[in-house]
Amino acid sequence: MASTMRPAPPVCLCGDGAASSSSWTWVGRSRISFSAVRRPRIFDLAIRRKNRVLKCVAAKAETELDGGSSSGTTVEEAPPAPSTRPDEKISSTISQDSSSPISSWLYPDKEDLPDDKEMTIFEHLEELRERLLLSVGAVGVAMLGCFAFAKDLIMYLESPAHVQGVRFLQLSPGEYFFTTLKVSGYCGLLIASPVILYEIIAFVVPGLTLSERKFLGPIVLGSSILFYAGLAFSYSVLTPAALNFFVSYAEGVVESIWSIDQYFEFILVLMFSTGLAFQVPVIQLLLGQTKLVTGDQMLSVWRYVVVGAVVAAAVLTPSTDPLTQILLAGPLIGLYLGGASLVKLLQAGETS
């Protein structure tokens, strides 16, 4: 049986346009196909994409060439903007907001900064540890010295109560001993306060500007004077007034025999809270020097200050009698008004 050859298959185009054909032959009843080897389809896609990119580039170049010939001018590229460092960006941002008193206090001018030695964080921590040890050592030595004269100190602090006819007793075996420790601790802290204050100033002063260092001395001196004035005021005015109120109120009903521990807890808390309350002008002066609050603003809120002084006196005084609260609220209001007037005078002198 004669076999006939089939017609050749259609020509197949590859990705690059080359022609390749497939030949067919018959061997007996079997058909064997010798197909041409094709490139993978990924090659065809890559070539097509390349052609499209070349066409786009040619069209863009032709457009630019037409535009340049019609206008007759060449477009020059703008020079790149100079790069700014992060610190320059921060300084420019700060200069834009230099009117804010908080930003001017956090970021002072370079001319106002002292030429001190810069220290690492570990060196600061080491210095802080040394100054804390010196302060604790000074308090310990002062407490030991006060403990040696504990009886004299207790007799001196008992004198306002003895004037009112009050007697003291010991309700537990170690009450008087622990009272002497408490009195020695408070007095030792009071005596060692100049050393503590000096160590605090020595640690803080390298971080202050030249203008801040100018009013550091007056503030420290004024704070010390006001604190001791508060102690003296509490011992000579507040304590006798409070004791007289309690004794006269209970007269004829009960005999005034008090626990020595509770009496000293009352008088020591009253004295130290009064000394701290007398620091109001110092806080006002700090706020005025940093330009956070003006003297006129302080004087404009005097009504709220009166209410706040009465509330503060009720919180600071351990007694609940109204006489002691009024006696403490009056000096607080006077100190606030005096501090506000001083801030107003200082700010008026700076502007003039």
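Here's a quick rundown of the structure. Throughout, a residue's number is its position along its own chain's written sequence, starting from 1. Totals for whole chains, interfaces and linings use every residue, but because this is a predicted model, local features are given only for residues with pLDDT of at least 70 and side-chain atom pairs only at 80 or more, for both listing and counting. Note that the side-chain values use all heavy atoms of the structure and ignore hydrogens as well as water.

**Let's talk about the overall build of the chain**
Strands here are runs of E lasting at least two residues and helices are runs of H or I lasting at least four, both read from the DSSP assignment and numbered beginning at the N terminus. Scanning the chain from terminus to terminus reveals 14 helices and 6 strands. Contacts are residue-level and defined by heavy atoms, with any inter-residue pair within 4.5 Å sufficient. In the chain, of all internal contacts separated by at least 6 residues, the share reaching a separation of at least 24 is 75%. Residue-level accessible areas treat just the shown protein chains as cover; the underlying method is Shrake-Rupley with a 1.4 Å probe. In the structure as shown, the chain presents an accessible area of about 24,100 Å², 66% of it carried by carbon and sulfur atoms.

**With respect to the packing of helix α4 (residues 121-148) against helix α6 (residues 175-191)**
Only the stretch in contact is used when fitting a helix axis, every axis being a line fitted to C-alpha atoms; angles between N-to-C directions are given from 0 to 180 degrees. Look at α4 against α6: their axes get within 8 Å of each other, and the N-to-C directions meet at 130°. Here α4 lies oblique to α6, going by the angle between them. The two elements α4 and α6 meet at a crossing, and its hand is right-handed. Residues Val139, Ala142, Met143, Cys146 and Phe147 of α4 form the contact with α6, whose own contacting residues are Phe177, Thr180, Leu181, Ser184, Gly185, Cys187, Gly188, Leu189 and Ile191. The residue classification treats Ala, Val, Leu, Ile, Met, Phe, Trp, Tyr, Cys and Pro as nonpolar and Asp, Glu, Lys and Arg as charged. All others, Gly included, are polar. Class assignment for the residues of the contact of α4 with α6 results in 10 nonpolar, 4 polar and no charged. Orientation is classified from the angle alone, with under 35 degrees giving roughly parallel, over 145 giving roughly antiparallel, 65 to 115 giving roughly perpendicular, and any other angle giving oblique. Each helix crossing is assigned a hand: it is left-handed if the near helix lies turned anticlockwise from the far helix by less than a right angle, otherwise right-handed if that turn is clockwise.

**Thoughts on the packing of aromatic side chains**
Between the rings of Phe, Tyr and Trp (Trp by its six-membered ring), a pair exists once the centres lie within 6.5 Å; its type follows the angle of the planes, with under 30 degrees stacked, over 60 edge-to-face, and the other angles tilted. Enumeration over the complete set of coordinates arrives at 12 aromatic pairs. Relative to Tyr263, the ring of Phe168 has its centre 4.7 Å away and its plane inclined at 55°; by these criteria the two rings are tilted. On the criterion of sequence distance, the pair formed by Phe168 in strand β5 (residues 167-169) and Tyr263 in helix α10 (residues 260-277) is long-range, its members being 95 residues apart. Of the two residues examined, Phe168 and Tyr263, each falls in the buried class. With 6.4 Å between their ring centres and 70° between their planes, Phe246 and Phe266 make a pair best called edge-to-face. Within this pair, whereas Phe246 is found in helix α9 (residues 216-250), its partner Phe266 is found in helix α10, the two being separated by 20 residues in sequence. Per-residue accessibility, obtained with a 1.4 Å probe over protein chains only, is compared with the maximum for each type, and a residue is labelled buried under 20%, exposed over 50%, and partly exposed between these values. The exposure class of Phe246 is partly exposed, given its relative accessible area of 28%. A network of ring pairs unites the aromatic residues Phe168, Trp258, Tyr263 and Phe264 as a single cluster.

**Let's talk about the pattern of salt bridges**
A carboxyl oxygen of Asp or Glu within 4 Å of a side-chain nitrogen of Lys or Arg is what we treat as a salt bridge. Applying the stated criterion to the full structure yields 6 salt bridges. One salt bridge connects Arg129 with Glu126, and the closest N-O pair in it is separated by 2.7 Å. Here Glu126 and Arg129 lie together in helix α4, a separation of 3 residues that amounts to about one turn. The partly exposed category is assigned to Arg129, whose relative accessible area is 43%. In this structure, Glu127 and Arg131 form a salt bridge, with 3.1 Å as the shortest nitrogen-oxygen distance. Taken together, the residues span about one helical turn, with Glu127 and Arg131 both in helix α4 at a distance of 4 residues. Taken together, the shared-partner salt bridges connect Glu127, Arg131 and Glu199 into one network.

**Focus: the state of the cysteines**
When the sulfur atoms of two cysteines come within 2.5 Å, that pair is taken as a disulfide. Taken as a whole, this structure holds 0 disulfides when the rule is applied. Looking at the unpaired Cys146, the closest cysteine sulfur is the one in Cys187, lying at 5.1 Å. Cys146 gets classed as buried once you look at its relative accessible area, which sits at 6%. Cys187 sits in the buried class, given a relative accessible area of 16%.

**Observations regarding α9**
Over its 35 residues, α9 runs 49 Å from end to end, which matches the ideal 51 Å to within 8%, given 1.5 Å per residue. What is called the bend at a residue is the angle between a pair of axes, fitted to the seven residues leading up to and ending at it and to the seven starting from it. The largest bend along α9 reaches roughly 40° and is located at Ser234. Backbone geometry just downstream of α9 places Gly252 in the positive-phi region, at approximately 85°. For a helix, the expected span equals 1.5 Å multiplied by the number of residues minus one.

**Some words on the nonpolar core**
In plain words, nonpolar cores are sets of buried Ala, Val, Leu, Ile, Met, Phe, Trp, Tyr and Cys residues tied together by side-chain atoms within 4.5 Å. With 30 residues, the main nonpolar core has Val183, Tyr263, Phe264 and Ile267 as its most contacted residues. Counting residues per element, the ones that place at least two in this core are α5 (150-163), α6, α9, α10, α13 (302-316) and α14 (322-351). Broken down by element, the residue count for this core peaks at 10 residues, all from α10. Leave out the neighbours within four places in its chain, and Ile267 touches Leu157 and Thr239. Core analysis: the next-biggest nonpolar cluster, separate from the first, contains 12 residues, Phe215, Leu226, Phe278 and Val305 among them.

Honestly, it's all geometry; don't read function into it.
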